[in-house]
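# Coordinate analysis (summary)
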Amino acid sequence: QSLRDASVMAHSRTLGLYTDKAVNVVYVIGTDLLINSGRCAPPGTNFFSVKCTPNVQYTISPRPQETSHLSPIPLSKGDSMVTVRMSQASETENDSKVHKLAVRYYGKDKKELGTALLYLTAIEISLDVDADRDGVVEKNNPKKGSWKWGPDGHGAVLLVNCDCERTYLKTPDSKQTYVSKVSDLKDMSLMVLRTRGPAKLPKGYKLTMHISQSDAESVRVFRFISYNITSFLNDYPLVLSRKVLSQEVPYLGGNAEVNFYVEGLRFTDKDFSGLISINLSVLEPISPLVPETPIFTDKVVFRVAPWIMTPNTLNPVEVHVCSTKDNLQFLKGMKHLVAKSGQKLKICYEYMNRGDRWMQDELEFGYIDSPHQRFPVVLDSPRDGKLRDFPYKDLLGPDFGYVTKEPENSEVSSLDSFGNLEVSPPVTVDGKNYPLGRILIGVAFPTATKGRNMTKVVQDFLWAQSVQDPVALYSDWLYVGHVDEFMTFVPAPDRKGFRLLLASPDAAFKLFRRLQSDGHGDAKLFEGLKGEVPIAVDEILKDDHFQAENMYVQGCIDWNRDVLKRKLGLTEEDIIDLPVLFKLVSNSKDVPRALAFYPDMVNMIVLGKHLGIPKPFGPKVDGQCMLEAEMCSLMEGLGLECTFIDDFASYHKLLGEVHCGSNVRREMFDFKWWNLEM
């Protein structure tokens, strides 16, 4: 009976036969047994013949010339190969005697010289995962052993089990070597060992699951046994781990399935591609004195899900702010804004924040996603201010993950705060789609001989996630050094679905010159602010040194403007300039760097169509702040509503604004990251 050419088969095994003894083997359905008919031929052999029972099929290569099926076949000089296959699993362990193949050898006169006998016990075996990413573990997907991006791609997805099923004595589940609750299994990927065959394997044969030493740093595998009333922990023993690279797993016999749960331990990083292989092998005994030999190996491949950031254009879920003894006015404005937007406000009180109000700088919200489970994950910054315990103690919990990256040394700069970490909305650049947006970080200017940078371990982590290809901006010109001091994104009903907002001294001077020409040069900034000396528009416009400082700032922003246009595929029509002025400050050890002169309106919080903007205390005409009026005019054309929040004393004077003092957890993207065209 004809078979496919052995060269196209996924698994093949070369087998030696002997004329002085029968060979008993386990055969795995779907594989090829390759027998070199000449290897065991007695001396003087010129012909051979092959006979088998009806449930065994074979082919001979090179194909012999057409002869009677009873006629012996000439033994070719290159030795003929016999390829053996079976299509059905054996029903009992001892029915190998009815699965038989015989190779007979003949001399020149066609006298029989000997017979090599092969007895086969056939089993079906497959290690299965959700390789087609539909949430269901299908049987023996032919592409399960590799990984491919894209909507027509394949390969299973693995989550880092970085949440915590407990709400007290917290430890991320990935740090525990046991399954604590049934709910913990949702965060793992199901892997099924499917077998069909006799009640037990022939003596000495066994199944073993194994991983490489390098993969063992990133994955753990548990097995389900049975529900045990007395001890849940015994239901899910650990199979593979850093300490156990290989372990025997049960063959249950008959038509059976064994469930395994695969747990990711770490995210993709500079030293880890995110790809993990798990192998299942059938081992064959040779003798008690030598190790078993693998005769068949099935492999599955997982990719660890990346950590994904969420841009301002996604709907908010909850807003986080700190309560301190001096920010009552700020909290009042935030409560009003959040109530209008219909969101939930979560306040971190002083027993937890210990006076640290910079919620944005301490953490960044993101999430991880797979076909079977998704949940938010907070990335804890290495800044480690007095808020350092909040992400772990307050946010980590059931279906809320936690990850942090420890710097290689103790040197952490202001650029390691996450006001210096943003993400764009989805964009298309030169025909390439970024449906999850692009991460934006601030670093030192490329030509700087020395300067502040985001710590390397965090940058390596962000680049390694690969699905939000980062863009480096220049932010070291700022005193604090965060990209959120000069840029943000707001949703828009047209064009690309958003606008990039940039702080612009040029826009501020243009506004102030218009006020001056309209006869309002005596209108004052900071009027009525306790402890502040009001300054008139005329005074600002005649200060040449102040204008020179802002020309420098505008140049720094314009450098970033060009990068953003190029890296995000933007045009000038996608950008709105906000009137913001800066001043340069320095200490004796450092170069001058920029701070916002009045509350930095670009440093806002975006809650759908509601914007929480630092109240700028600009020059008033007929009782109306002209900076607020300009801001409203620019934003209301996009259908956005501006709420101005007084953060002057409690944030602006401390070198931050509304965005620095708040954080927003947002809905996750509908787009599935594994469908990216990479």
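Residues numbered from 1 in each chain as written. Predicted model: local features only at pLDDT ≥ 70, side-chain atom pairs only at ≥ 80, totals over all residues. Heavy atoms only, no water.

### Digging into the overall build of the protein chain
Looking only at helices and strands, one finds 9 helices and 42 strands in the protein chain. Here the C-alpha radius of gyration of the protein chain, 35 Å, is well above what a compact globule of 678 residues would show, namely 26 Å. In terms of principal-axis extent, the alpha carbons of the protein chain reach across some 120 × 60 × 45 Å. Every one of the 678 residues in the protein chain was classed for burial, and the buried ones make up 56%. Considering only contacts within the protein chain whose residues lie at least 6 apart along the sequence, 73% involve residues at least 24 apart. Treating the 79 positive side-chain charges of the protein chain as one cloud and the 87 negative ones as another, the clouds have centres 7 Å apart. (Helix = DSSP H or I, 4+ residues; strand = E, 2+ residues; numbered from the N terminus. Rg over C-alpha atoms; globule rule 2.2 N^0.38 Å. Buried < 20%, exposed > 50% of the residue type's maximum accessible area, 1.4 Å probe, protein only. Contact = heavy atoms within 4.5 Å. Lys, Arg positive; Asp, Glu negative; His and termini not counted. Charge placed at Lys NZ, Arg CZ, Asp CG, Glu CD.)

### A look at the pairing of strand 31 (residues 498–504)
Here strand 31 lies mainly inside the structure; 7 of its 7 residues are buried. Residues of strand 31 alternate between two faces, with F498, L500, L502 and S504 on one and R499, L501 and A503 on the opposite face, all of them buried. By the bridge criterion, 5 bridges tie strand 30 (residues 487–491) to strand 31 in an arrangement that is antiparallel. Looking at the pairing, T488 lines up with L501 of strand 31. Counted between consecutive antiparallel strands, the loop separating strand 30 from strand 31 contains 6 residues, among which R495 sits at a positive phi close to 50 degrees. As defined by bridge partners, strand 31 adjoins strand 34 (residues 575–579) across 5 bridges and the pair is classed as parallel. (Pairing = 2+ DSSP bridges.)

### Description of the packing of aromatic side chains
In total, this model carries 24 aromatic pairs according to the counting rule given. Relative to F400, the ring of F365 lies with its centre 6.3 Å away and its plane at 70 degrees, an arrangement referred to as edge-to-face. Note that F365 is positioned in strand 22 (residues 363–369) and F400 in the loop between helix 4 (390–395) and strand 24 (401–404), a separation of 35 residues in sequence. F365 sits in the buried class, given a relative accessible area of 2%. You can call F400 buried: its relative accessible area is 10%. Between Y392 and Y402, the aromatic rings sit 5.1 Å apart at their centres with planes inclined by 85 degrees, giving edge-to-face as the arrangement. Taken together, the positions of Y392 in helix 4 and Y402 in strand 24 put the pair 10 residues apart, joining distant regions of the chain. K110 extends its terminal NZ or CZ atom over the ring of F47, reaching a point 5.1 Å from the ring centre. A cation over an aromatic ring shows up here: R133 above the ring of W147, its NZ or CZ 4.2 Å from the ring centre. (Phe/Tyr/Trp six-rings, centres within 6.5 Å; stacked < 30°, edge-to-face > 60°. Lys NZ or Arg CZ within 6 Å of the ring centre and 35° of its normal.)

### Here's the deal with the nonpolar core
Counting 96 residues, the largest nonpolar core has L118, M191, M209, I278, L462 and W673 as the members making the most contacts within it. The element best represented in this core is strand 9 (residues 112–128), accounting for 7 residues. Residues contacting W673, with those up to four places away along its chain left out, are W147, W149, V157, R303, V304, A305, P306, I308, D369, L436 and V467. In this structure, V471, F498, I535 and I613 belong to the second largest nonpolar core, which totals 68 residues. (Core = buried A, V, L, I, M, F, W, Y, C linked by side-chain atoms within 4.5 Å.)

### Thoughts on the UniProt feature "active site" (unreviewed entry) in the protein chain
Residues annotated in UniProt with the feature "active site" (unreviewed entry) correspond here to D361, H482, D484 and C660. Across 300 residues of sequence, these annotated residues stay compact in space, with a maximum C-alpha separation of 10.4 Å. Its location among the elements puts D484 in the loop between strand 29 (471–474) and strand 30. With respect to the helices and strands, the residue C660 is situated in the loop between strand 41 (641–645) and strand 42 (662–666). The contact partners of C660, leaving out residues within four places of it in the chain, are R357, W358, M359, Q360, D361, D484 and N603. (UniProt positions renumbered as here; feature names shortened; annotations may be inferred.)

### Brief notes about the pattern of salt bridges
Here the structure, examined in full by the defined rule, presents 37 salt bridges. Here E124 ties to R196 by a salt bridge, and the two come within 3.8 Å at their closest N and O atoms. Here the residue E124 occupies a position in strand 9, and R196 occupies one in strand 11 (residues 189–197), the gap between them amounting to 72 residues. Judged by relative accessible area, R196 falls into the partly exposed class, the value being 35%. Here R194 ties to D128 by a salt bridge, and the two come within 2.8 Å at their closest N and O atoms. Taken together, the residues R194 in strand 11 and D128 in strand 9 connect sequence positions 66 residues apart. In this structure, a network of salt bridges that share partners links the residues D128, K144, R194, E257 and D298. (Salt bridge = Lys/Arg side-chain N within 4 Å of Asp/Glu carboxyl O.)

### Details of unusual backbone geometry
Between S61 and P62 the backbone carries a cis peptide bond, its omega angle lying at 0 degrees. Structurally, P62 can be placed in the loop between strand 5 (56–61) and strand 6 (73–74). Phi angles above zero are rare outside glycine, and L169 is one such case at about 45 degrees. As for its position among the elements, L169 is in the loop between strand 10 (156–158) and strand 11. At F526, a position not held by glycine, the phi torsion is positive, near 65 degrees. Relative to the assigned elements, F526 resides in the loop between strand 32 (524–525) and strand 33 (535–536).

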